[in-house]
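# Descriptive analysis of the structure
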Amino acid sequence: MSEQPDRYELRARQLRILADLHRKRADELDKAAEMTLVSRSMRRLADLLTEAETRELAEHPDLAELNVQLESFYGEARARPDDEPTA
């Protein structure tokens, strides 16, 4: 018959298991923090691209005129029937 571990060994095992769980959660939180920074960077990139596009249209009147012509030709985007609010 094997000898049962004493209470100190059992407590040490419990603490090691708990430490592993905390490490896993810490890794998850680190990844979430990195994704937050990536999200910020992507938002900045989108803002810069929009700004550059707007500036390019403003600097080239023929592009702005073409844009207006296309909008008048195609009209505003029409809402699909399934997008209409229901009463």
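Residues numbered from 1 in each chain as written. Predicted model: local features only at pLDDT ≥ 70, side-chain atom pairs only at ≥ 80, totals over all residues. Heavy atoms only, no water.

## Some words on the overall build of the protein
Of the regular secondary structure elements, the protein holds two helices and zero strands. Burial status across the protein gives 0% buried among its 87 residues. Surface exposure of the protein reaches about 8900 Å², of which carbon and sulfur atoms provide 56%. (Helix = DSSP H or I, 4+ residues; strand = E, 2+ residues; numbered from the N terminus. Buried < 20%, exposed > 50% of the residue type's maximum accessible area, 1.4 Å probe, protein only. Areas by Shrake-Rupley, 256 points an atom, 1.4 Å probe, with all protein chains shown as cover.)

## Here's the deal with the pattern of salt bridges
All chains considered together, the criterion is met by five salt bridges. For R25, the salt bridge identified is with E28, shortest N-O distance 3.2 Å. With R25 and E28 both in helix α1 (residues 7-59), this residue pair falls three residues apart, about one helical turn. Each of K24, R25 and E28 takes part in one network of salt bridges that share partners. (Salt bridge = Lys/Arg side-chain N within 4 Å of Asp/Glu carboxyl O.)

## With respect to a nonpolar patch on the surface
Taken together, M35, V38, M42, L45 and L49 make up a surface patch of nonpolar side chains, about 500 Å² in accessible area. With respect to the helices and strands, V38 occurs in helix α1. (Patch = residues over 30% accessible without salt bridge, like charges linked within 9 Å, V, L, I, M, F, W, Y side chains within 5 Å.)

## Examining the environment of P5
The topology assignment puts P5 in the segment before α1. Once residues within four sequence positions are removed from consideration, P5 is found in contact with L10 and R13. (Contact = heavy atoms within 4.5 Å.)

Just geometry here; none of it tells us what the structure is for.
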